[in-house]
Amino acid sequence: MTLALTTADQAMLAGETDAAAALAMRILAAFSEAVGAASLIDISGAHIDGCLYHGQVSLDFVERFVQRGGRVRVPTTLNVGSLDLIHPEIMRMDAAAQAPARRLMRAHEELGCQPSFTCAPYQTLFRPAFGEQIAWGESNAIVFANSVIGARTNRYGDFIDLCCAVTGRAPAWGLHLDENRLGQVLFRLSGFPSSLAPSDTLYVGVGLMIGERAGERVPVIEGLPPPRDEDQLKSLGAAAASTGAVALFHAVGITPEAPTLGEAFGGRKPQESIEIRPHDIARALARLSRVPDGAPIDAVCLGTPHFSRGEWDRLLSLLRGSGQSGKVPIYVNTGRATLAALQEDDVLGDAAGFELIPVADTCTYVTAILAKLEGAVMTNSGKWAHYAPGNIGVEVAFGDMADCVASAIAGRVVRNMP
Amino acid sequence: MIVPARFYAQGEAEGTALVLARELSFWGGLDATTGRIIDRSHPDLGETLTGKILVMPGGRGSSSSSSVLAEAIRLGTAPLGIVLARADPIITVGALVAASLYGRLCPVIVCPIDGVATGDRLRIAAGEAGEAHVECFGPVPER
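So, here's what we can say about the structure. (Residues numbered from 1 in each chain as written. Chains lettered and ligands numbered in written order. Predicted model: local features only at pLDDT ≥ 70, side-chain atom pairs only at ≥ 80, totals over all residues. Heavy atoms only, no water.)

Observations concerning the overall build of chain B
The test is simple: Under the scheme used here, helices are H or I runs from DSSP no shorter than 4 residues and strands are E runs no shorter than 2 residues, and both carry numbers assigned from the N terminus. For the radius of gyration, the atoms used are the C-alpha atoms, and the globule rule reads 2.2 Å times the number of residues raised to 0.38. To sort residues, take the accessible area from a 1.4 Å probe on protein chains only and compare it with the maximum for the residue type: under 20% means buried, over 50% means exposed, and anything in between is partly exposed. Here a residue-residue contact requires only that any non-hydrogen atoms of the pair lie within 4.5 Å.
Counting its secondary structure elements, chain B contains 2 helices and 9 strands. In sequence order, the secondary structure elements of chain B are arranged as β-β-β-β-β-α-β-α-β-β-β. A globule of 143 residues ought to have a C-alpha radius of gyration of about 15 Å, and chain B, at 14 Å, matches this closely. Each principal axis of the C-alpha distribution contributes one length, and for chain B these read about 35 × 35 × 25 Å. Burial statistics for chain B: of 143 residues in total, 59% are counted as buried. Sequence separation of 24 or more characterises 74% of the internal contacts of chain B that already satisfy a separation of 6 or more.

The following block contains the structure:
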């Protein structure tokens, strides 16, 4: 298959608009050719995952656009960086290490991107609408936009997301196209009580399982109870995109492209049907915990993906309601916009007695923030539990938000989750 | 044995195959400074990719994997080439950007990987118009 470029695409490629767009179009065209796209389409927004400093290559790439006077052509949000620019005092990184990470975040702003620095742009800025064509990076943001909102993006990685933003174009391929959005593999919840409660851990467990078993196929989940809120679907998607390559899931009767099982599959038969039974969920969740109940912990880490206002309200209510104090710090990652609203409403005082440390613009498992790394850390995030041991070398215990609060009070792993 | 393949990032490579039992997410899974697998849930934890031809079913996980691969290519810790059973755009773009910024090639090709075993000698050759092939010479004889 050969990529057909429009006259405008060709002009961009030839450098007739600007040198930055020519560079972006060159990479985008090669990528589009490689994935077998027949043409490019217009996009209405982008979310860029290039602000996390992975080494010199991160900066070399974006500086090349800055040097060429590049600007994004569509509204573009930024994912987390390696630094908390709002609370620089919490960074445990020397000035030499901070300099390139700070420059990387700033260089993206110079290209016209919004300094959102959140992995959950869908809950604050520029939430796309159903059916909108977008180019997003960050695995949890991608799966949320596709599945929960019904916007359309592929799994765009670092670099290519910026190329899409600078050109305003994306390859006509994959999940941008109707036919590729239909379900392929059925996951049916089976053996659960008929009055199954929408517990947070159920959504994480289902996410872990579909990530492990779906591969690159589009999973359809049947039998999931209606979620309490979008945050449960957020945690399901983030877990699925950690254990697997899931970019889109359908939950029958819950997500917008799956009002019925038949519509989720477009009338086709599932390629495979997989049962999810209670012991599968228990086993998937147990694998996240690397230390036993009762083990001492050094910290609690919440907010992966970034805490929404709803999650903050639940946490603050648990802390206030406990009437106790914490033995270890509770770090909470959140977007700077969400944090500003919390401060505006002056509600963080509800955590008196606890060492509550809001973290903005970044995330505790991608950079050096935690005061202690030798002990275990408790989290309610399947994604944090999956990646933190490899990224920052900590041991992890997983539990729901109430367990995390109980563990912060006890200074050790306490679990009552269903 | 010569297997037809499709290339997603150009280049040629010859080396010893390292066949992973499962997909590896480079982000959170590969230390670009050492070339070692650091994902503790991965069956091939501790293996080094540097100087090998990496063979695995596909990509997985975070979209930050493009950066980690490109940085590993810049540092010279990356595999010599990557053979996947299923195309992966995140791996493809990491290799494309390293080629564009530094002129260092790490070919990424897609073909059936059944029958390839760790220790086999592989040669990847890119042809024209997206076509490529992989030659598998079987295990390197012990001396």
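Still to come is the rest of the account.
Quick notes on the pattern of salt bridges
For side chains bearing opposite charge, pairing can occur when the charged atoms are close. Going by this rule: Salt bridge criterion: a side-chain nitrogen from Lys or Arg within 4 Å of a carboxyl oxygen from Asp or Glu.
What the rule picks out here adds up to 34 salt bridges over all chains. A:Asp9 serves as the salt-bridge partner of A:Arg169, at 2.8 Å between the closest nitrogen and oxygen. You can see A:Arg169 sitting in strand S5 (residues 169–171) and its partner A:Asp9 sitting in helix H1 (residues 7–13), a full 160 residues away along the chain. A:Asp9 shares its class with A:Arg169; the two are buried. For the salt bridge of B:Arg74 with B:Glu71, the shortest nitrogen-to-oxygen distance reads 2.9 Å. Note that B:Arg74 and B:Glu71 are positioned in helix H1 (residues 65–75) at a spacing of 3 residues, about one turn of the helix. Three or more residues are tied together by salt bridges with common partners; here these are A:Glu63, A:Arg103, A:Arg106, A:Glu109 and A:Glu110.

Here we look at the side chain of A:Asp200
Residue and element names in this part refer to chain A. The cut-off we apply is this: N or O atoms within 3.5 Å of each other form a polar contact, as long as, within protein, one can give a hydrogen and the other can take it, and as long as residues adjacent in sequence are counted only when both atoms are side-chain atoms.
If you trace the backbone, Asp 200 turns up in helix H7 (residues 200–214). Among the polar contacts made by the side chain of Asp 200, one reaches the side chain of Gln 232 at a distance of 2.8 Å. Apart from the residues lying within four places of it in its own chain, the contact partners of Asp 200 are Arg 228, Gln 232, Ser 235 and Arg 314.

A look at the interface of chain A and chain B
To be explicit about the condition: Amino acids outside the nonpolar list (Ala, Val, Leu, Ile, Met, Phe, Trp, Tyr, Cys, Pro) and the charged list (Asp, Glu, Lys, Arg) are all regarded as polar, and Gly is one of them.
Contact with chain A, which involves 45 residues of that partner, is made by 33 residues of chain B. Seen at the junction of chain A and chain B, the total is 2 salt bridges. In this structure, B:Arg40 engages A:Glu395 in a salt bridge whose closest nitrogen and oxygen atoms are separated by 3.2 Å. When contributions to the side of chain A that touches chain B are tallied by element, the ones reaching two or more residues are helix H2 (19–35), helix H3 (56–67), helix H5 (139–149), helix H8 (230–243) and helix H13 (382–392) of chain A. Examining the composition of the side of chain A that touches chain B, we find that 7 residues originate from one element, H2(A), more than from any other. In terms of residue class, the side of chain A that touches chain B is built from 21 nonpolar, 14 polar and 10 charged.

As for the pairing of strand S11 (residues 330–334) of chain A
All names here are of chain A. Our working definition: Paired strands, in this sense, are two strands between which DSSP finds at least two bridges. A clockwise course of the path from the first strand over the helix to the second, judged with the strands pointing away from the viewer, identifies a crossover as right-handed.
Taking burial as the measure, the 5 residues of S11 include 5 buried ones, the bulk of the element. Burial along S11 is two-sided: the residues Ile 330, Val 332 and Thr 334 and Tyr 331 and Asn 333 are all buried. With 4 bridges connecting them, strand S10 (residues 297–307) and S11 associate as parallel partners. Pairing of Cys 301 across the sheet is with Tyr 331, part of S11. For the crossover from S10 across helix H11 (residues 309–322) to S11, the handedness is right-handed. The pairing of S11 with strand S12 (residues 356–360) spans 5 bridges and is classified as parallel. Of the residues in S12, the one forming a bridge with Val 332 is Pro 358.

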